[in-house]
Amino acid sequence: MLDFQFVGDPHNAQAMSAYMRDQFTFVGLKSPERKLQEKPLLQQAKNWDQGQLLEAFADLYARPEREYQYAALDLARKYATRFDFDGIQTLAGYITVKPWWDTVDNLRPIFWLYLKHHYEDMPKIWALFYGQDDFWLRRVAITLQLSAKSETDVQLLTQVIDYDLQTDEFFIQKAIGWALRQYARTDAQWVKAFIHAHHELSKLAVREATKHL
């Protein structure tokens, strides 16, 4: 077990838990203070290999207070280039552990960082998320290319949106709108044409997609 503990403020903890619909307990650390307290941990990990990183990640993720999940995510993201596909597959398994948008959306960039160095593994990464039963996994498939800009594979983007076009799940429809809005910064005409051709898109997805159009 890691010799690492956060020191928080109980007054903050209650409000933070309420913000997350009382699904999780908190130590009571706002982001700037949390990042300050976790600096020694991140520094300690500078020479860790993948096995040590995954062991620390598992330790932190198993703790009840939400800030420890955030610390695990910061650790994995800082050293994302040290993970091979097996490591990435292990991290993908955590999407469905204590899932909510805060952890799911902060795991997602780690997969894209991996793909930036190993794009040939896109089919294997894609298979981890696309068409899975758990909607949080499918949310990652939808938002996987958020930072791809001109490198966005629009066929994959279309495929993943089409799969969940009729899904009545807020976090899926929000993700569809988010992905389209982000790609509109690169190719607004493509997004406009996509929306025009997909009348089945939910009002939420269209509203999100067209915020800056």
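Preceding this section is the structure that the text describes.
Observations regarding the overall build of the protein chain
Inference 1: Helices and strands together make up the secondary structure of the protein chain, namely 12 helices and zero strands.
Inference 2: The linear arrangement of helices and strands in the protein chain, starting from the amino end, is α-α-α-α-α-α-α-α-α-α-α-α.
Inference 3: Based on the C-alpha atoms only, the size of the protein chain along its principal axes is roughly 55 × 40 × 30 Å.
Inference 4: Scored against the burial criterion, the 213 residues of the protein chain give a buried share of 51%.
Inference 5: Taking as baseline every contact in the protein chain between residues at least 6 positions apart, the subset at least 24 positions apart corresponds to 67%.
Inference 6: Summed over all atoms, the accessible surface of the protein chain reaches about 10900 Å², with 52% contributed by carbon and sulfur.

Observations regarding the nonpolar core
Inference 1: Counting 75 residues, the largest nonpolar core has L91, L107, F111 and F129 as its most contacted members.
Inference 2: With eight residues, the top contributor of residues to this core is helix α10 (residues 170-184).
Inference 3: Among all residues touching L107, those that are not within four sequence positions of it are F57, Y61, L73, L91, Y94 and I95.

Quick word on helix α6 (residues 101-117)
Inference 1: With 17 residues, α6 should cover 24 Å at 1.5 Å per step; its first-to-last C-alpha distance of 26 Å lies within 8% of that length.
Inference 2: With respect to burial, α6 is a largely interior element, 12 of its 17 residues being buried.
Inference 3: Among the residues making up α6, those that are buried are D102, T103, V104, D105, L107, R108, P109, I110, F111, W112, Y114 and L115.
Inference 4: On its buried face, α6 is in contact with α3 (50-62), α4 (66-78), α5 (85-92), α7 (122-129), α8 (135-143) and α10.

Things to note about the packing of helix α2 (residues 31-44) against α4
Inference 1: Packing of α2 against α4 leaves a shortest axis separation of 11 Å and a crossing angle of 50°. The angle between α2 and α4 falls in the class oblique. The handedness of the crossing between α2 and α4 is right-handed. On α4, the residues touching R34, K35, E38 and L42 of α2 are E67, Y70, A71, D74, L75 and K78.

What to know about helix α11 (residues 188-197)
Inference 1: Of all the positions in α11, only V191, F194 and I195 are classed as buried. Take α11 and look down its axis: the buried residues cluster within an arc of 95°, on one side only. The exposed set on the far side of α11, more than 90 degrees from its buried face, consists of Q189, H196 and A197.
Inference 2: Looking at the buried side of α11, the elements it contacts are α9 (154-163), α10 and α12 (203-209).

Describing the environment of Q23
Inference 1: By secondary structure assignment, the location of Q23 is in the loop between α1 (10-19) and α2.
Inference 2: According to the relative accessible area criterion, Q23 is partly exposed, its value standing at 38%.
Inference 3: For the pair Q23 and Y70, spaced 47 residues apart in sequence, the C-alpha separation works out to 15 Å.
Inference 4: Setting aside its immediate chain neighbours within four residues, Q23 contacts S17 and W100.

Here we look at the pattern of salt bridges
Inference 1: Within this structure, the stated rule accounts for 11 salt bridges.
Inference 2: We note a salt bridge from D59 to R63, for which the minimum N-O separation is 3.0 Å. Per residue, the accessibility class of D59 equals that of R63, and both read buried.
Inference 3: For R181, the salt bridge goes to E208, with nearest N and O atoms at 2.8 Å. Taken as a pair, R181 in helix α10 and E208 in helix α12 lie far apart in primary sequence, 27 residues in all.
Inference 4: With a relative accessible area of 6%, E208 lands in the buried category.

Considering the packing of α9 against α10
Inference 1: With their axes 11 Å apart at the nearest point, α9 and α10 run at an angle of 160° to one another. When the interaxial angle is binned, α9 and α10 end up roughly antiparallel. In this structure, α9 meets α10 at a crossing whose hand is left-handed. Listed contacts from α10 to V154, L157 and I161 of α9 are I176, A179, L180 and Y183.
Inference 2: When its residues are assigned to classes, the contact of α9 with α10 shows seven nonpolar, no polar and no charged.

Here is what the cut-offs are and how they apply
- Residues numbered from 1 in each chain as written.
- Predicted model: local features only at pLDDT ≥ 70, side-chain atom pairs only at ≥ 80, totals over all residues.
- Heavy atoms only, no water.
- Helix = DSSP H or I, 4+ residues; strand = E, 2+ residues; numbered from the N terminus.
- Buried < 20%, exposed > 50% of the residue type's maximum accessible area, 1.4 Å probe, protein only.
- Contact = heavy atoms within 4.5 Å.
- Areas by Shrake-Rupley, 256 points an atom, 1.4 Å probe, with all protein chains shown as cover.
- Core = buried A, V, L, I, M, F, W, Y, C linked by side-chain atoms within 4.5 Å.
- Expected span 1.5 Å × (residues − 1).
- Axes fitted to C-alpha atoms, helices over the stretch in contact; angles between N-to-C directions.
- Parallel < 35°, antiparallel > 145°, perpendicular 65-115°, else oblique.
- Left-handed = near helix turned anticlockwise from the far one by under 90°.
- Arc of directions from axis to C-beta.
- Salt bridge = Lys/Arg side-chain N within 4 Å of Asp/Glu carboxyl O.
- Nonpolar A, V, L, I, M, F, W, Y, C, P; charged D, E, K, R; others polar.

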